[in-house]
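# Survey of secondary and tertiary structure
These are the residues of each chain, in order.
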Amino acid sequence: MGVRGMVLIPRLRGIGGMETVIQTWIDHYHAEPDVDLFFLAPQGMENQERFSRENDSLKIAPLIKPHALGKVVGAIITLNELIRRKPEFVICTSIPLLKLAERFRRILPNKFKIVSWLHFSVNSLSIDDNNLLSQADMHLAISSGIKRQLVDRGIGDDQIKVIFNPAKVQDVETSLIDTYSHTPLKLLYVGRIIWSGQKNLQLLLTSLTRLHFNWSLQIFGAGDEADISILNDFVKQHGLADKVELRGWSKSPFSDAAPSDYLILTSRYEGFPMVLIESASRGLPIISSDCPTGPEDIVTDMNGLLFTNDDQDSLIESLEKARSRRGTFSPKLVHESVDKFSEKEYFIELDGIIKSL
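So, a few notes on the structure that sits alongside this text. What you are looking at is a predicted structure, and each value in this text was computed from that prediction instead of being measured. (Residues numbered from 1 in each chain as written. Predicted model: local features only at pLDDT ≥ 70, side-chain atom pairs only at ≥ 80, totals over all residues. Heavy atoms only, no water.)

## A few points about the layout of surface pockets
Reported here for the second largest pocket is a volume of approximately 210 Å³. Counting residues per element, the ones that place at least two in the lining of the second largest pocket are α2 (67–85) and α3 (95–107). If you tally residues by element for the lining of the second largest pocket, the top one is α3, at 7 residues. Taken together, the residues that form the lining of the second largest pocket break down as 6 nonpolar, 1 polar and 3 charged. (1 Å grid on protein atoms, 1.4 Å probe; cavity = no way out; pocket = protein on both sides within 12 Å on 5 of 7 lines; lining within 4 Å. Points joined across faces, edges and corners; volume = space filled by probe spheres on them. Helix = DSSP H or I, 4+ residues; strand = E, 2+ residues; numbered from the N terminus. Nonpolar A, V, L, I, M, F, W, Y, C, P; charged D, E, K, R; others polar.)

This is the structure in C-alpha cells:
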C-alpha cells in the first residue's frame, strides 16, 4: 500500500467547480494503487447525487438539521475515521474543516500532516484565521492570486504549491460563427444567475445597453428567484427581449448554445473559474473580468481579453475591442492555450505532491 490520506469535504450546497474537481479526484485515486485516498463529507451534502461513485473511498454522512447538531455529529464521524484509517495527511477544503483537523491532531497519537485546499479567495477570511492557516503543513493554491493572498497572510512561499484545477480539455474545437461586420456580437454566459453579487450580471447588462452596435446574449444557469426576477425585469424595462435569451440550467450548455463569438464572465471574485477553460477548450475565446484569483492564470492574448474588475468603462472598451477582433482568434490556438490544464498534466503534478507528503 502507498501513502494514505483523507480529504475532508464541506457541506456543499450548489453544483460548481469544487464538486467537479472532487469527483475527478475520486475517479482518479480509485484507480491509483500508490495512493490510498479516502474522501469524507462529515456534515452530509445537499446535492450528493452529484457524486456518482459510492464505494470504500467515499463516505457522505447523513444530512442532519439543525446545522449545529450536524456539525457535532460530523466531528464525531471525522474523529472515528481518523482513528480507524490513520492517514499520513489530511486535506481540508474549508476553514471549519481545517480547524477540526488541527484540533484532532493535537489529541491523536497519529500526527498526520494537514494540507489546506481552499477554493475561494483567501481575502474573504478574517485576520483571526491567519493563525489557523499557519497550522497547515502545506497549502494547495488553485490560482496564482490565492498564493499571493496566502503569502500576504504570512504563509511561507515554500509551503505553497500552485496547482490549477483540472479540466476535461476537448479534443475538437468549435468553429466561430460568420463574423461579417453587420452581424450582432454574439455573447454567451454560463454560470449562476447572481445579479449584483459575485457574478455581477448587473454590470454585464448595464454595460451592454451602452453599446452603439448590435449584440445578443445567451444566458445559461440557475439562480435564486429574486435574482432571476430582477434580470427579467431589467430585460423588459430596457426592451432587450430580442437580444437577451435566458436558457436556464443545462448539463451541457456549450453543446446546447447557439454559435457564439465569445464567452463572457463579469465576476467580482472567483476561486478558479473552470468555465473559462471549458470555453477555450472548445476554441471559443473569452472576455473576463480580471478579478483577484483565477482569470489571470487562464486568459492570454492568445485566447481572449481581460477587463478591469467591476469597471463598466473597461468592460465596454473590451466589448468594443472584442467586436473589432472578432474572427481573429484561431480556434486551434485558443484550444491549445488551455492544454496545460488537462487532467493528464494535472494528475502528474498532483501525484508528485501527494507522494512527497
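## Here's the deal with the pattern of salt bridges
With the rule as written, the count across this model stands at 16 salt bridges. Ionic pairing is found between Arg106 and Glu102, a salt bridge with its closest N-O pair at 3.0 Å. Taken as a pair, Arg106 and Glu102 lie in helix α3 at a separation of 4 residues, close to a single helical turn. Owing to a relative accessible area of 58%, Arg106 belongs among the exposed residues under this scheme. (Salt bridge = Lys/Arg side-chain N within 4 Å of Asp/Glu carboxyl O. Buried < 20%, exposed > 50% of the residue type's maximum accessible area, 1.4 Å probe, protein only.)

## Details of the sheet that holds strand β3 (residues 58–60)
With respect to topology, 7 strands assemble into an open sheet ordered β3-β2-β1-β4-β5-β6-β7, the strand pairing being parallel. Only two strands of the sheet have a single partner each, and these edge strands are β3 and β7 (160–162). Averaged over all pairs of adjacent strands, the angle between strand axes in this sheet comes to 20 degrees, irrespective of strand direction. Bridge count for strand β1 (residues 3–8) against strand β2 (residues 35–41) is 6 bridges, and the pairing is parallel. Following the sheet pairing, Met6 is matched in β2 by Phe38. Against the sheet, helix α1 (residues 17–30) contacts β1, β2, β3, β4 (89–92) and β6 (138–141), and its axis sits at roughly 145 degrees relative to β2. (Pairing = 2+ DSSP bridges. Axes fitted to C-alpha atoms, helices over the stretch in contact; angles between N-to-C directions. Contact = heavy atoms within 4.5 Å.)

## Structural notes on empty space enclosed by the protein
Under the counting rule described, the total for this entry stands at 1 cavity of 30 Å³ or more. Taken together, Ser116, Leu118, Val122, His139, Leu140, Ala141, Ile146 and Leu150 make up the lining of the largest cavity. Contributions of two or more residues to the lining of the largest cavity are made by β6 and α5 (144–152). Of the residues forming the lining of the largest cavity, the biggest block, 3 residues, is contributed by β6. A class-by-class count of the residues in the lining of the largest cavity yields 6 nonpolar, 2 polar and no charged.

## Regarding a nonpolar patch on the surface
On the surface, a cluster of nonpolar side chains totalling about 270 Å² of accessible area is made up of Leu69, Val72 and Ile76. Locating Ile76 in the fold gives a position in helix α2. (Patch = residues over 30% accessible without salt bridge, like charges linked within 9 Å, V, L, I, M, F, W, Y side chains within 5 Å. Areas by Shrake-Rupley, 256 points an atom, 1.4 Å probe, with all protein chains shown as cover.)

## Looking at the packing of aromatic side chains
This structure, assessed with the given rule, holds 9 aromatic pairs. Centre to centre, the rings of Phe164 and Phe272 are 5.4 Å apart; their planes meet at 10 degrees, and the pair counts as stacked. In this pair, Phe164 sits in the loop between β7 and β8 (185–190) while Phe272 sits in the loop between β11 (262–265) and α9 (274–281), placing the two residues 108 residues apart along the sequence. Between Phe164 and Phe341 the ring centres are 5.4 Å apart and the planes differ by 65 degrees, which places this aromatic pair in the edge-to-face class. A residue pair is termed long-range when its members are at least 10 positions apart, and Phe164 in the loop between β7 and β8 and Phe341 in the loop between α12 (331–336) and α13 (343–355) qualify at 177 residues. Residue class for Phe164 comes out partly exposed when judged on its relative accessible area of 22%. Grouping aromatic residues by their ring pairs yields a cluster made of Trp25, Tyr29, Trp117, Tyr346 and Phe347. (Phe/Tyr/Trp six-rings, centres within 6.5 Å; stacked < 30°, edge-to-face > 60°.)

## What to know about the side chain of Gln218
Along the chain, Gln218 falls in strand β9 (residues 215–220). Only 3.0 Å separates the side chain of Gln218 from the side chain of Arg247, close enough to count as a polar contact. Setting aside residues no more than four positions away along its own chain, Gln218 makes contact with Leu187, Leu188, Tyr189, Glu245, Arg247, Ala257, Ala258, Pro259 and Ser260. (Polar contact = N/O pair within 3.5 Å; in protein donor to acceptor, adjacent residues only side chain to side chain.)

## Details of the nonpolar core
With 113 residues, the main nonpolar core has Trp25 and Leu217 as its most contacted residues. Excluding residues that lie within four positions of it along the chain, Leu217 makes contacts with Leu187, Leu188, Tyr189, Leu204, Leu205, Leu208, Lys243, Val244, Glu245 and Ile264. (Core = buried A, V, L, I, M, F, W, Y, C linked by side-chain atoms within 4.5 Å.)

## Some thoughts on α9
Counting buried residues in α9 gives 7 out of 8 residues, a clear majority hidden from the surface. Looking only at α9, the buried set comprises Met274, Val275, Leu276, Ile277, Ser279, Ala280 and Ser281. Once α9 ends, the next one or two residues include Gly283, with phi positive near 85 degrees.

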